[in-house]
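# Structural characterization, general
Okay, here's what each chain looks like letter by letter:
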Amino acid sequence: QVQLVESGGGLVQAGGSLRLSCAASGGTFSRYAMGWFRQAPGKEREFVAAISLSGSSTYYADSVKGRFTIARDNAKNTVSLQMNSLKPEDTAVYYCAASAGTAQTMGFMHENQGSWGQGTQVTVSS
């Protein structure tokens, strides 16, 4: 399985931007659909965004559509999440995930499926 390490989290004011990165190792990166999930305190983990093997197709949760952008670089084995116009409700631990399935179905991915990073904290102050 591929190993994933996230970076780029932090504290930002509402309306600001952050860029998360996820570095993959130990597998053939271009064979995995990649995605981002988040988990706020007291809430279940939720799907944020996913990207197809080539990067040609992307999918977003309605709550982040138009504000977040997922991208991947198969030459560098990385996937990123550019987050703009951040809101306090975006505060959560953000997880990078890899799936052998399709990006279109990553929203249904369970925590015991695929590969996951350790998470990075994003805090948006009002």
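In this report, we go over the structure that sits alongside the text. (Residues numbered from 1 in each chain as written. Predicted model: local features only at pLDDT ≥ 70, side-chain atom pairs only at ≥ 80, totals over all residues. Heavy atoms only, no water.)

### What to know about the overall build of the protein chain
When helices and strands are counted, the protein chain shows zero helices and eleven strands. Put simply, the protein chain runs from its N terminus to its C terminus through helices and strands in the order β-β-β-β-β-β-β-β-β-β-β. Relative to its length of 126 residues, the protein chain is compact, with a C-alpha radius of gyration of 13 Å against a globular reference of 14 Å. By the burial criterion, 43% of the 126 residues in the protein chain qualify as buried. Here the analysis covers contacts within the protein chain between residues at least 6 apart in sequence; of these, 59% occur between residues at least 24 apart. Accessible surface, the protein chain as shown: approximately 6400 Å² in total, 47% of it carbon and sulfur. (Helix = DSSP H or I, 4+ residues; strand = E, 2+ residues; numbered from the N terminus. Rg over C-alpha atoms; globule rule 2.2 N^0.38 Å. Buried < 20%, exposed > 50% of the residue type's maximum accessible area, 1.4 Å probe, protein only. Contact = heavy atoms within 4.5 Å. Areas by Shrake-Rupley, 256 points an atom, 1.4 Å probe, with all protein chains shown as cover.)

### Some words on the nonpolar core
Among the nonpolar cores identified, the biggest contains 40 residues, and Met34, Trp36, Val79, Leu81, Met83 and Tyr94 are the most heavily contacted of them. Looking at this core, the elements with two or more residues in it are strand E3 (18–25), strand E4 (33–39), strand E5 (46–51), strand E7 (68–73), strand E8 (78–83), strand E9 (92–99) and strand E11 (120–125). The greatest single-element share of this core, amounting to six residues, is contributed by E9. In this structure, Met34 is in contact with Leu4, Phe29, Ala49, Ala50, Ile51, Ile70, Arg72, Val79, Cys96, Ala97, Ala98 and Met106, ignoring residues within four places of it in sequence. (Core = buried A, V, L, I, M, F, W, Y, C linked by side-chain atoms within 4.5 Å.)

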